[in-house]
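# Working through the structure, step by step
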Amino acid sequence: MVFHSIWIVGSSRSGKTSRLIEQFSIWLQNRKQIYELFYTKRAKLQASTYIPQSELLQQAKPGILVLAANDDNRRELGDKIVTSTQGKYPVRVRTPLGFFQDEVILFWPLLIELLHLKAHFPVRLRPETEQELATKLWRSQLDEDTLKLAGVNEYRFVRRILDLMQLAAYSGTPCEEIAGILQTSLEENSGNLKPEFMADLLVDWRNWCLERGFLTYGIITELYTQYLLKNKDYQQHLANRYQAVLADDVDEYPGMVRDLLELLLDQGAVGAFSYNPDGGVRLGLGADPDYLAGLGRRCQVEALSGFALDSLADRLAAPMVGSLSSPMVMSDLPAVVQSIQTTSRSQLLRQTAEFIGHAINSGLVAAEEVAIIAPGLDAIARYTIVEILSKQNITVESLNDQRPLISSPVIRALLTMLALVYPGLGRLVDRDAVAEMLVVLSRKAESSETPAALSPNIDPVRAGLIADYCFVPHPEHPNLLPVKTFERWDRIGYAATTAYTEILQWIEKQRSQQELRLIPSPISLLDRAIQNFLWNGSNLPYEQLAALRELLETAQHYWEIETRLKQTLANAPEANHHLTNTTIAEFIQLLRRGTITANPYPLRSIGKHRKAVTLATIFQYRANRKSHRWHFWLDTGSPLWAKGGAATLFGAPFFLQDRLGQPWTAEDERLAEETRLQRILHDLLSRVSQRLYLCHSDLAVNGQEQLGPLLQLVHACIPLDVKESIGV
């Protein structure tokens, strides 16, 4: 049997992933032939050492590299492969960036030798830590004139430059060449900062990180593409480990992943790749689908014709997409498409949620068969929809709802407790924070009680009284006094007094242990507080547990970075003590800025999917490969639909391989938005099977009239009278 690399092309839900898994099973059934074929190809490519046939057959278990677009797809693809093969072949699915990180850490000794680095074990920086450290490094060069010239604040400017490094690495461009690309790309915007200035900042940042063993996503990608992938020894190791490669949704991959895949094919590996012309969800965020499409010329193409059989794309894609280019010839849409139209957005949110609730409670559709999709979801929209549906006992699940960690009262209470135990943090504590801490930390229950049964022993009113009379603010040593300091302490009540006394005694105990250096780190103190006040043998709600886990993971990472930084400073105990308190203050302020969200690993709960209405942005919904019977497209008249529900990173078009370094004009932007909107329509219509509701309000949340590119679709379908439908 002759094995050819295959290139599977098809629209959303056309069976591409199933075909890949089928090919994976075929490889396993013929693994000896694949290994022999690989050995024959390698022998032709280079003078290889002869391996006896008997030994060859003993080794005949080909290594297969399996790649997926993102973490959610990675886990689902891994589960499907294990189910299909009945677990006979252990497989580890990786994202491209996850694979780069594993390889950089695995071959770190080789990189130390190539780059003459200090022999530090590498530590990966989280994006929020990367932002903070880069800001400190560059702050002396980021004066007011510089930021005024850039037209953004300090936070946005630093993030923009760091994103440039990652985009350049994704395209295979080294840091030193970024200035040249920006010079040609930004030539029309002479008012912007000099490209050499931004490139110099990035080179300084990269060198500073490498000296300390810090790795960011951008640095990881650059190390892999510029050094490992071009190294002959590494190429030999790579070829020996993988004789086959399977990659799903390559239209979502960075451009330089093609270099990796072509290297494997050149060295004799066989490949199977799936590509969605209507995909490109991450275009503008680092993906380069057009460049990856060129890989198909090396493969045997399998085109999966048509749209998914149970989708509306077959009936609606042509007229809807055609209306974008010829709005004057727009005809009426079929009856499966209806519109919900109101004047204000608040009316739209209420009517949409009420109609969904009525349809679910009437048995027309199940909650898990409904999706609400919007180009952007603000807090008001989320709250309104969740509140209305929750009152009807309908659960709403927000996809990747990245709420700031500081939005959780439990997290705020623990940070207040930290500021009360460690000295020098009094400016981070106020009366309201202390009152909230007392309420949260007094929620204790017996192990037999359920989370819903937990109630605070100190209610907000009593907590406010205690904070008014017993909290003593101080910049260095803020303090809590005994409850009898309050003249009418008897009005507090026995339960609240007992709970407050317990909290006060616990804080005093931790203070004394901190003075004696008996608390190893603030992480230990956080863990003690969680065990004593929050856990107490009870089962916490999943959302609260996720927030606590993310807090501990973030704190662990933050102090790991502090430990590494200490190695470059004087080791005097006074310096370390000052550094610890300063680091705690910076940690609290980092969380309060809202840059960290509660998304610990794993991101999904174990077990069956919840019976809940899905609420998502366009980007989140497409990236998670969801599909439902009913779709509600919220804010259909918004101009944000042309943006795809995700902001394009600054400089992203400059680093696409087919236009590397070329200027990005207004006409280019217009064509890109038209193409993106066509892909969105094809993709979303492939993911709905029964009904589509276009939800439009004349006025946006800011009061401006909505005249987006999809407005003509709203006028071309049957308007729905919500009040009549729900019998009001």
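Preceding this section is the structure that the text describes.
Fair warning: this is a prediction, and the values are worked out from it, not measured in the lab.

## Brief notes about the overall build of the protein
What the protein contains, in helices and strands, is 29 helices and 17 strands. In the protein, which comprises 728 residues, the proportion classed as buried is 52%. The long-range fraction of contacts in the protein, counting pairs at least 24 apart against all pairs at least 6 apart in sequence, stands at 80%. Carbon and sulfur atoms make up 51% of the accessible area of the protein, which amounts to about 33300 Å² in all.

## So, the pairing of strand β10 (residues 370–374)
Within β10, five of the five residues are buried, which leaves it mostly tucked inside the rest of the structure. Both faces of β10 are covered, namely the face carrying Val 370, Ile 372 and Ala 374 and the face carrying Ala 371 and Ile 373. Where β10 meets strand β15 (residues 628–633), four bridges bridge the pair, whose relative direction is parallel. By the bridge assignment, Ala 371 is partnered in β15 with His 631. In terms of strand pairing, β10 meets strand β14 (residues 612–617) through four bridges, oriented parallel. Note on β14: the bridge partner recorded for Ala 374 is Thr 617.

## Digging into the sheet that holds strand β7 (residues 270–275)
The sheet built from six strands is open, its strands ordered β3-β2-β6-β7-β1-β8 with parallel pairing. Each edge of the sheet is formed by a strand with only one pairing partner; in this case those strands are β3 (93–94) and β8 (300–304). Sheet topology places strand β1 (residues 6–10) next to β8; five bridges connect them, and they run parallel. Its bridge partner lying in β8, Gly 10 is registered against Leu 304.

## A look at the nonpolar core
Of all hydrophobic cores here, the largest spans 77 residues; its most connected members are Phe 99, Trp 138, Trp 205, Tyr 224 and Phe 273. Here this core gets nine residues from one element, more than from any other, and that element is helix α9 (residues 154–170). Setting aside anything within four residues of it in sequence, one finds Phe 99 in contact with Leu 65, Leu 67, Arg 94, Tyr 224, Tyr 234, Leu 238, Tyr 242 and Leu 260. Among the nonpolar cores identified, the runner-up in size contains 62 residues, and Ile 406, Ala 496, Ile 507 and Phe 587 belong to it.

## Quick word on helix α14 (residues 257–266)
Across the ten residues of α14, eight count as buried, placing the element largely inside the fold. Buried within α14 we find Val 257, Arg 258, Leu 260, Leu 261, Glu 262, Leu 263, Leu 264 and Leu 265. Note on α14: the residue one or two positions beyond its end, Gly 268, has a positive phi of about 105°.

## Here we look at the pattern of salt bridges
One pass over the full model with this rule turns up 39 salt bridges. Of the charged contacts, one joins Arg 412 and Glu 436 as a salt bridge, the two residues approaching to 2.5 Å between their closest N and O atoms. Of this pair, Arg 412 sits in helix α19 (residues 409–421) while Glu 436 sits in helix α20 (residues 431–441), placing them 24 residues apart in sequence. Since its relative accessible area comes to 26%, Arg 412 is described here as partly exposed.

How each quantity is defined
- Residues numbered from 1 in each chain as written.
- Predicted model: local features only at pLDDT ≥ 70, side-chain atom pairs only at ≥ 80, totals over all residues.
- Heavy atoms only, no water.
- Helix = DSSP H or I, 4+ residues; strand = E, 2+ residues; numbered from the N terminus.
- Buried < 20%, exposed > 50% of the residue type's maximum accessible area, 1.4 Å probe, protein only.
- Contact = heavy atoms within 4.5 Å.
- Areas by Shrake-Rupley, 256 points an atom, 1.4 Å probe, with all protein chains shown as cover.
- Pairing = 2+ DSSP bridges.
- Core = buried A, V, L, I, M, F, W, Y, C linked by side-chain atoms within 4.5 Å.
- Salt bridge = Lys/Arg side-chain N within 4 Å of Asp/Glu carboxyl O.

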